[in-house]
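Now for the letters of each chain:
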Amino acid sequence: MKRAFRYRFYPSETQAVELSRTFGCVRRVYNLALHVRAEAWAQRGERIGYGATSALLTAWKRTEELAFLNEVSAVPLQQTLRHLQMAFAGFFAKRARHPRFKSRKKSRASAEYTRSAFRWRDGALTLAKMAEPLDIRWSRPLPEGAVPSTVTVSRDAAGRWFVSMLCEDPSVTPLPVVDSVVGIDVGIDHLLVLSTGEKIGNPRHGRRDRTALARAQRALCRKQKGSRNRARARVGVARVHARIADRRSDFLHKVTTRLVRETQTLVIEDLAVSNMVRNRSLARAIGDAGWRQFRQLLEYKAGWYGRQVIVVDRWFPSSKLCSICGVLAPTMPLHVRTWTCGCGTTHDRDVNAARNILAAGLAVSVCGAGVRPQRNTPGGLSATKQKPRGASRGNLLVHEREEVNP
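- The name an unreviewed UniProt entry assigns to the protein is Putative transposase, from the organism Lentzea xinjiangensis.

Regarding unusual backbone geometry
Next up, step 1: One non-glycine residue, Lys129, lies in positive phi territory at about 70°.
Next up, step 2: When you line up the elements, Lys129 lands in the loop between β4 (124-127) and β5 (136-137).

Focus on the pattern of salt bridges
Next up, step 1: The tally for this structure, following the rule as stated, stands at 19 salt bridges.
Next up, step 2: With a closest N to O distance of 2.9 Å, Asp169 and Arg3 form a salt bridge. On the criterion of sequence distance, the pair formed by Asp169 in the loop between β7 (161-168) and β8 (181-186) and Arg3 in strand β1 (residues 2-9) is long-range, its members being 166 residues apart.
Next up, step 3: A relative accessible area of 4% places Asp169 in the buried class.

Regarding the sheet that holds strand β11 (residues 265-269)
Next up, step 1: Pairing within the open sheet is mixed, and its 5 strands lie in the order β10-β9-β8-β11-β12. Among the strands making up the open sheet, the edge pair consists of β10 (199-201) and β12 (308-312). On average, each strand axis in the sheet is inclined to that of its neighbour by 25°, with strand direction left out of account.
Next up, step 2: Of the strand pairs in this sheet, β11 and β12 are connected by 5 bridges, and their pairing is parallel. Opposite Ile268, over in β12, you have Val311 as the bridge partner.

Some details on the packing of helix α1 (residues 13-44) against helix α2 (residues 50-61)
Next up, step 1: Packing of α1 against α2 brings their axes to within 11 Å, and their N-to-C directions diverge by 125°. By the angle class used here, α1 and α2 are oblique. Taken as a pair, α1 and α2 cross one another with a handedness that is right-handed. When α1 is examined against α2, the residues Val29, Leu32, Ala33, Val36 and Arg37 are found in contact with a partner set consisting of Tyr50, Thr53, Leu56, Leu57 and Trp60.

Some remarks on the packing of aromatic side chains
Next up, step 1: Summed over the entire model, instances satisfying the criterion amount to 8 aromatic pairs.
Next up, step 2: An angle of 85° between the planes, with centres 6.1 Å apart, marks the rings of Trp304 and Tyr305 as edge-to-face. This pair shows no difference in class: Trp304 is buried, exactly as Tyr305 is.
Next up, step 3: Members of the aromatic cluster, joined through ring pairs, are Tyr7, Trp120 and Trp138.
Next up, step 4: Sitting over the face of the ring of Phe92, Arg47 holds its NZ or CZ atom 3.8 Å from the ring centroid.
Next up, step 5: Looking at Lys102, its charged tip hangs above the ring of Tyr30, at a distance of 4.5 Å from the centre.

Cut-off values and rules
- Going along each chain's sequence as written, the residues are numbered from 1 onward.
- Reporting in this predicted model follows two pLDDT cut-offs: at least 70 for local features of residues, and 80 or more for side-chain atom pairs to be given and counted; totals over whole chains, interfaces and linings ignore these cut-offs and use all residues.
- Values reported for side chains reflect all heavy atoms of the structure, with hydrogen atoms and water molecules removed beforehand.
- Strands are runs of DSSP state E lasting at least 2 residues, helices are runs of H or I lasting at least 4, and numbering of each runs from the N terminus.
- For this analysis, a salt bridge means a side-chain nitrogen from Lys or Arg found within 4 Å of a carboxyl oxygen belonging to Asp or Glu.
- Remark: exposure states derive from per-residue accessible area (1.4 Å probe, protein chains only) relative to the maximum for the residue type, with buried under 20%, exposed over 50%, and partly exposed in between.
- Pairing between strands requires that DSSP locate at least two bridges from one strand to the other.
- Fitted lines through C-alpha atoms give the axes, limited to the stretch in contact for helices. The angle between two N-to-C directions lies from 0 to 180 degrees.
- Reported orientations rely on four angle classes, namely roughly parallel under 35 degrees, roughly antiparallel over 145, roughly perpendicular from 65 to 115, and oblique for the rest.
- Whether a crossing is left-handed or right-handed is set by the direction in which the near helix is turned from the far one by less than a right angle, anticlockwise for left-handed and clockwise for right-handed.
- The contact definition used throughout considers only heavy atoms, calling two residues in contact when any of these lie within 4.5 Å.
- For Phe, Tyr and Trp, rings pair up if their centres lie within 6.5 Å, where Trp contributes its six-membered ring, and each pair is then called stacked (planes under 30 degrees apart), edge-to-face (over 60) or tilted (otherwise).
- As a reminder, the over-ring test applies to NZ of lysine and CZ of arginine, requiring each to be within 6 Å of the ring centre and within 35 degrees of the ring normal.

Spelled out as structure tokens, the structure:
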């Protein structure tokens, strides 16, 4: 199993200049190749692949205008052409949207080096065009005897430098099979509610730094556009955002690792997060909770360790359905946190939803039916989703709207 290990490093002044120049050349080559490919398709209906753009790169280097491309390593420039080819492959396969041009201010500054463009010796990493190894902070050791196959250097908006090394990790092996399944309902009041009744609180990382973020943003607005002071103020805002994102990522990593290690089958709901954040009242809370990142972490870790993740259709009425008798409640407003069914059972809204999600996921895995049918979400449903209506969990034919679980 190949795994990326990411570390922070502190470049010298010479290294920072060389890497910044490399980032700029990588961005320029990507934009030039994208322009050529888009123009060829628009004017002649011709598809240009990696081979043609690689030949164009050689020609560009010989021109007076782009002669500066010879000053940096050729490997990151070739790699960005491969990345563009992968982006177009995803677009033509309808897995992603059309590649877009990279912006100097908004795009991620990064460069990828293959084995021919770096030297790995005695735990020291030296990149092409550099005389000294990078000053890396080894927050965790690499696997014993591991040799990086590719190295990606990046700089975030807060000015921090990172290096990511792709290595073979023999420690990533399937865990022993355990006899446990759990349904997971995500929310805002509690980040996760499990079908076992356990509730994992929402740390609300963004709320903790809201005052500092507002202060930094006000300072940014007061600076003159294009000035150095504004550039420094922009870095200050980025640092607050980075601190929030780091805390959120750390918490989600710990939670997902624990769930994957303890549970064999995990059932979650397929939420349309991009539609939900259109609701101005809930957008900040949903973004701060990190629902999308939680699912991504859970799915790839489950793949690593031999666990199963089942995704239940987003239209399934998990909140309104009684997990005991299967009767569907007519309405379930967001402010209702507990409700009593006609059978006499009093439900905690979130725990009941998690149990229904678990039951639906297990039923789907047994019958083999699809769990994520493709439907178009009706326009204007910023904080709503379609829910099936029926007399029991087995009868999910007619649909009605229901507000999402916070």
